[in-house]
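Chain by chain, the residues run as shown.
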Amino acid sequence: MDKFIVNGGNRLVGRICVSGAKNAAVAILPAVLLAESPCVIENVPDISDVHGILRALSGLGCTVTPLSRTSFEIDPRGANSYIVNKEMAKGMRASSYFLGALLGRTLRAKVAPPGGCAIGLRPIDQHIKGFEALGAKVTIESGMVVARAEKLMGGSVYLDMVSVGATVNIMIAAARAKGMTVIENAAREPHIVDLANFLNSMGADIMGAGTSVIKIRGVEHLHGTSYSIIPDQIEAGTYMVAAAATKGDVVISNVIPKHLESIIAKLKEAGVTVEEGDEFVRVTMDKRPGRCNVKTMPHPGFPTDMQPQFATLLAIADGTSIVTESVWESRFRYVEQLTFMGANIQVDGKSAIISGTERLKAAPVKADDLRAGAAMIIAGLVAEGQTEITDIEYIDRGYEQVVEKLTAVGADIKRVSDENLGYSLKAN
Ligand code: UD1
């Protein structure tokens with residue numbers, strides 16, 4: 001098991017280049033199954049969630065050829081299975097996207113229930129509602145989600161809550177259904193727009209992505225394409241907060257500033273200076289952050305996936321802030337870890353009341369999930385002393401080369417494995 005060792009106290013100064021968006025990649029890659037010829041996908045983040053999807057594609061019979069570390073040619077013509085078993089789906093929330101993709105390709109899919117971060121109940125009732133509106137039958141058989149259809153017909157779906165996953169899955173399945181599908185109360189996240197652009201570049205006919213009503217006119221054939229994935233909004237936001245928390249001066253490049261609006265607004269409210277360029281943002285900070293309240297909301301609101309990182313900034317702010325989580329049921333597990341480092345945070349239901357403290361102190365902490373892990377890194381960067389972070393496999397799910405990127409801007413962070421700890425766990 002690897003861990004991160006972080007020696008806190010260094011200002012981050014320099015430039016960080018953001019990778020391709022995890023949540024776009026894990027939707028676009030399964031959707032390649034709909035194509036009738038090979039696709040080249042570029043700007044694919046080199047993270048374990050993506051490796052899981054690529055392994056699953058190859059397990060289904062696709063030929064996956066790496067062209068570089070971040071671009072792949074995927075030939076779906078050999079895909080001859082419709083089953084994504086537990087081993088293939090392990091730990092990936094996005095494994096559910098194989099339901100929509102296989103249903104669209106072969107009219108049947110058998111997929112192990114999705115895994116992913118433990119941040120609250122993760123039901124898929126809205127995905128199922130969408131598949132049923134297209135004429136599919138969905139059952140649970142021996143612990144697997146099974147979807148089948150004689151044919152897929154366009155239909156109308158009103159989502160009971162804004163769900164990114166349901167919007168993605170319905171868009172993918174509907175791309176080749178006969179007739180028009182309308183998704184109302186659809187998610188508007190940047191990766192929804194990216195998926196629509198990708199599907200349209202394969203010949204799909206999707207309108208309205210980025211608004212709450214998406215219309216998908218099904219087409220009979222989708223062809224291969226070359227497509228480059230958008231930059232990761234949450235990775236960018238994480239480094240912006242890290243720069244602010246360390247009173248640094250960092251240019252974060254390869255970003256779409258429009259996707260960062262809510263994060264920029266909140267950073268400014270906390271007294272951080274953010275300069276926006278065409279494809280970069282520069283974050284500078286020379287004082288202790290000020291207090292501010294944050295409530296997570298579906299896009300264009302403040303992203304839930306930035307909540308733990310931002311709460312860490314507020315933990316060292318001057319004053320008391322309230323952070324309210326309105327997307328996930330339980331997303332404050334990381335708070336306990338921050339309190340080990342001296343943060344003063346009370347959780348009351350869906351809100352955390354954060355009384356800022358001037359400094360955090362190093363402690364052994366763990367990554368409770370992907371974004372909680374990012375928060376631990378930020379806390380370690382500002383804390384006095386040496387912080388040890390365990391369970392970092394969560395962080396590897398979504399941050400490409402996090403040690404390299406942070407080290408390049410002056411952080412003192414390294415990955416150590418058991419062999420490098422100076423002792424052996426094996427008894428002789
Ligand atoms: C996606 C993101 C995740 C992010 C989340 C919210 C990916 C791979 N993951 O997760 O990082 O935190 O969006 O922005 O893109 N819900 C139901 N029934 C459903 C579906 C969802 O009740 O059928 C509920 C969930 O329990 C949750 C809320 O709706 O409370 C939002 O979930 P959803 O947007 O679907 O999240 P994911 O797609 O799983």
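See above for the structure.
Calculation rules
- Residues numbered from 1 in each chain as written.
- Predicted model: local features only at pLDDT ≥ 70, side-chain atom pairs only at ≥ 80, totals over all residues.
- Heavy atoms only, no water.
- Salt bridge = Lys/Arg side-chain N within 4 Å of Asp/Glu carboxyl O.
- Helix = DSSP H or I, 4+ residues; strand = E, 2+ residues; numbered from the N terminus.
- Buried < 20%, exposed > 50% of the residue type's maximum accessible area, 1.4 Å probe, protein only.
- Disulfide = S-S within 2.5 Å.
- Pairing = 2+ DSSP bridges.
- Expected span 1.5 Å × (residues − 1).
- Axes fitted to C-alpha atoms, helices over the stretch in contact; angles between N-to-C directions.
- Near = heavy atom within 4 Å.
- Polar contact = N/O pair within 3.5 Å; in protein donor to acceptor, adjacent residues only side chain to side chain.
- Nonpolar A, V, L, I, M, F, W, Y, C, P; charged D, E, K, R; others polar.
- Phe/Tyr/Trp six-rings, centres within 6.5 Å; stacked < 30°, edge-to-face > 60°.
- Parallel < 35°, antiparallel > 145°, perpendicular 65-115°, else oblique.
- Left-handed = near helix turned anticlockwise from the far one by under 90°.
- Contact = heavy atoms within 4.5 Å.
- Core = buried A, V, L, I, M, F, W, Y, C linked by side-chain atoms within 4.5 Å.

Undergrad: I'd love a proper account of the pattern of salt bridges, names of residues and values included.
TA: Evaluation of the coordinates by the stated rule reveals 20 salt bridges. The closest approach of N and O atoms between Lys405 and Glu235, which form a salt bridge, is 2.7 Å. Separated by 170 residues along the polypeptide, Lys405 in helix H14 (residues 402-408) and Glu235 in helix H8 (residues 233-245) bring together distant segments of the chain. Across this residue pair, the class does not change: Lys405 and Glu235 are buried.

Undergrad: How would you sum up the state of the cysteines? Please name residues and give values.
TA: In the structure shown here, the tally under the stated rule is zero disulfides. Residue Cys39 stays outside any disulfide, its sulfur separated by 9.6 Å from that of Cys62, the closest cysteine.

Undergrad: Which residues make up the pairing of strand S5 (residues 71-75), and what values do they have?
TA: Along a regular strand, successive side chains alternate from one face of the sheet to the other. Along S5, four of the five residues are buried, which leaves the element largely enclosed by surrounding structure. Bridge count for strand S4 (residues 63-68) against S5 is five bridges, and the pairing is antiparallel. Counted as the bridge partner of Pro66 is Phe72 from S5. Two successive antiparallel strands, S4 and S5, enclose a turn made up of two residues.

Undergrad: Explain helix H7 (residues 190-201) to me, using residue names and the numbers behind them.
TA: With 12 residues, H7 extends 17 Å from end C-alpha to end C-alpha; this agrees with the ideal 16 Å at 1.5 Å per step. Among the residues of H7, those classed as buried are Pro190, His191, Ile192, Asp194, Leu195, Ala196, Phe198 and Leu199. A positive backbone phi angle near 110° is found at Gly203, which sits one or two residues after H7.

Undergrad: Give me the lowdown on the sheet that holds strand S11 (residues 180-184), citing residues and values where you can.
TA: Consider a sheet: its strands pair through backbone hydrogen bonds, and that pairing is either parallel or antiparallel. An order of S10-S11-S13-S12 is seen for the four strands of this open sheet, with the pairing classed as mixed. Unpaired on one side and paired on the other, strand S10 (156-158) and strand S12 (205-207) mark the two borders of the sheet. Pairwise comparison of adjacent strand axes, ignoring direction, gives a mean angle of 10° for this sheet. The pairing of S12 with strand S13 (residues 213-217) spans three bridges and is antiparallel. By the bridge assignment for S13, Asp205 is matched with Arg217.

Undergrad: Can you lay out the site of the ligand for me, pointing to particular residues and giving the numbers?
TA: Neighbouring the ligand are 22 residues, the closest being Gln126, Ser163, Val164, Asp305 and Val327. Asp125 is positioned such that a nitrogen or oxygen atom in its side chain is 2.8 Å from a nitrogen atom of the ligand. One of the backbone nitrogen or oxygen atoms of Gly165 is found 2.8 Å away from an oxygen atom of the ligand. A per-element tally of the shell around the ligand places helix H5 (residues 125-133) first, with three residues. Residues of the shell around the ligand, tallied by class, amount to 10 nonpolar, seven polar and five charged.

Undergrad: Pulling in residues and values, what's your account of the packing of aromatic side chains?
TA: In total, this model carries three aromatic pairs according to the counting rule given. Between Phe198 and Tyr227 the ring centres are 5.5 Å apart and the planes differ by 70°, which places this aromatic pair in the edge-to-face class. Of the two residues, Phe198 sits in helix H7 while Tyr227 sits in strand S14 (residues 226-228), which places them 29 residues apart along the sequence. On the numbers, 5.4 Å between centres and 75° between planes, the contact of Phe302 with Phe310 is edge-to-face.

Undergrad: Talk me through the packing of helix H10 (residues 307-315) against helix H12 (residues 370-382); I want residue IDs and the actual numbers.
TA: Running from N to C, H10 and H12 point in directions that differ by 25°, and their axes come no closer than 7 Å. With respect to each other, H10 and H12 are oriented roughly parallel. Crossing of H10 against H12: the hand is right-handed. Taking contact as the criterion, the partners of Pro308, Gln309 and Thr312 in H10 are, on H12, Arg371, Ala372, Ala374, Ala375, Ile378 and Ala379. Of the residues assigned to the contact of H10 with H12, the class counts are six nonpolar, two polar and one charged.

Undergrad: Can you tell me about the nonpolar core, naming the residues and giving the values?
TA: Formed by 80 residues in total, the largest nonpolar core has its most connected members in Ile41, Phe98, Leu195 and Phe198. Excluding anything up to four places from it in sequence, Ile41 contacts Ile28, Leu29, Val32, Thr70, Ser71, Phe72, Ile74, Phe198, Tyr227 and Ile229. With 73 residues, the next largest nonpolar core counts Ala317, Ile354, Val409 and Ile413 among its residues.

This is a description of form; function is not addressed.
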